[in-house]
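# Architecture and fold: a report
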Amino acid sequence: MRLTTKGRFAVTAMIDLAMNAQSGAVKLSAISERQNISLSYLEQLFSKLRRARLVESLRGPGGGYVLAAPAAQINIAQIITAAEDKLDATQCSSKANCHHGTPCLTHDLWENLNQTINTYLSSVTLQSIIEQKNTGSGSSQVVTFTHIH
């Protein structure tokens, strides 16, 4: 399982937007310049983010993008889902048909990993990342692994 560039860039761009949208709409060209992400790539990503209702576009002078909800209400799992559809550690896209039409020996392991990752990413909001960045602290969230049965 990999988080692709699409997902990483979408998260980075959304954090940038959240940090810079307090004074009004943010132009994609500004995010592109600050984060070194191509403008055409950002346009594709923001089209998906807009369809997922995570951002709103404002037209006209001073136009650009704003968050569609407060930063505390947008989590990283939502952003990755909008950009990539979903993260999946299974070979069968969670269909349980990975071994000749039946679940493989490790299917439940990877499915539980999917759930753990999704739970964690759902618990991290744009606001929490901004607060961590502003306080200069490392990760304040601790990931604990539990026995998977």
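Note: the structure precedes this text.
We now turn to the structure provided with this report. Because the structure is a prediction, the values reported are computed rather than measured.

By size, the foremost hydrophobic cluster in this structure holds 32 residues, and its most contacted members are M14, L17, F46, I79 and L126. No other element matches helix α1 (residues 5-20), which puts seven residues into this core. Ignoring any residue separated from it by four or fewer positions in sequence, one finds L17 in contact with V26, I31, F46, V55, Y65, V66 and L67.

A few words on the environment of L42. Residue placement: L42 occurs in helix α3 (residues 39-51). Under the relative-accessibility criterion, L42 is labelled buried at 0%. L42 sits 33 residues away from F9 along the chain, and the two C-alpha atoms are 8.1 Å apart. Not counting the four nearest positions on each side in its chain, L42 is found in contact with A13, L28, I31, S32 and I37.

Another point: the packing of aromatic side chains. The full count for this structure, using the stated rule, is two aromatic pairs. Note on F9 and Y41: the rings are 5.7 Å apart at their centroids and 90° apart in plane angle, and the pair reads as edge-to-face. With F9 in helix α1 and Y41 in helix α3, this pair connects stretches of sequence that are 32 residues apart. The class of Y41 is partly exposed, set by a relative accessible area of 24%.

Attention shifts here to the pattern of salt bridges. Counting across every chain of the model gives one salt bridge. With a shortest N-O distance of 2.6 Å, R34 and D16 are connected by a salt bridge. One end of the pair, R34, is in helix α2 (residues 28-35); the other, D16, is in helix α1, and 18 residues separate them in sequence.

Before going further, it helps to spend a moment on the environment of L67. Assignment of secondary structure puts L67 in strand β2 (residues 64-67). With near-sequence residues (within four places) excluded, L67 lies in contact with M14, L17, A18, L54, V55, I74 and L126.

Conventions we followed
Residues numbered from 1 in each chain as written. Predicted model: local features only at pLDDT ≥ 70, side-chain atom pairs only at ≥ 80, totals over all residues. Heavy atoms only, no water. Core = buried A, V, L, I, M, F, W, Y, C linked by side-chain atoms within 4.5 Å. Buried < 20%, exposed > 50% of the residue type's maximum accessible area, 1.4 Å probe, protein only. Helix = DSSP H or I, 4+ residues; strand = E, 2+ residues; numbered from the N terminus. Contact = heavy atoms within 4.5 Å. Phe/Tyr/Trp six-rings, centres within 6.5 Å; stacked < 30°, edge-to-face > 60°. Salt bridge = Lys/Arg side-chain N within 4 Å of Asp/Glu carboxyl O.

None of the figures reported here should be taken as evidence of function without further support.
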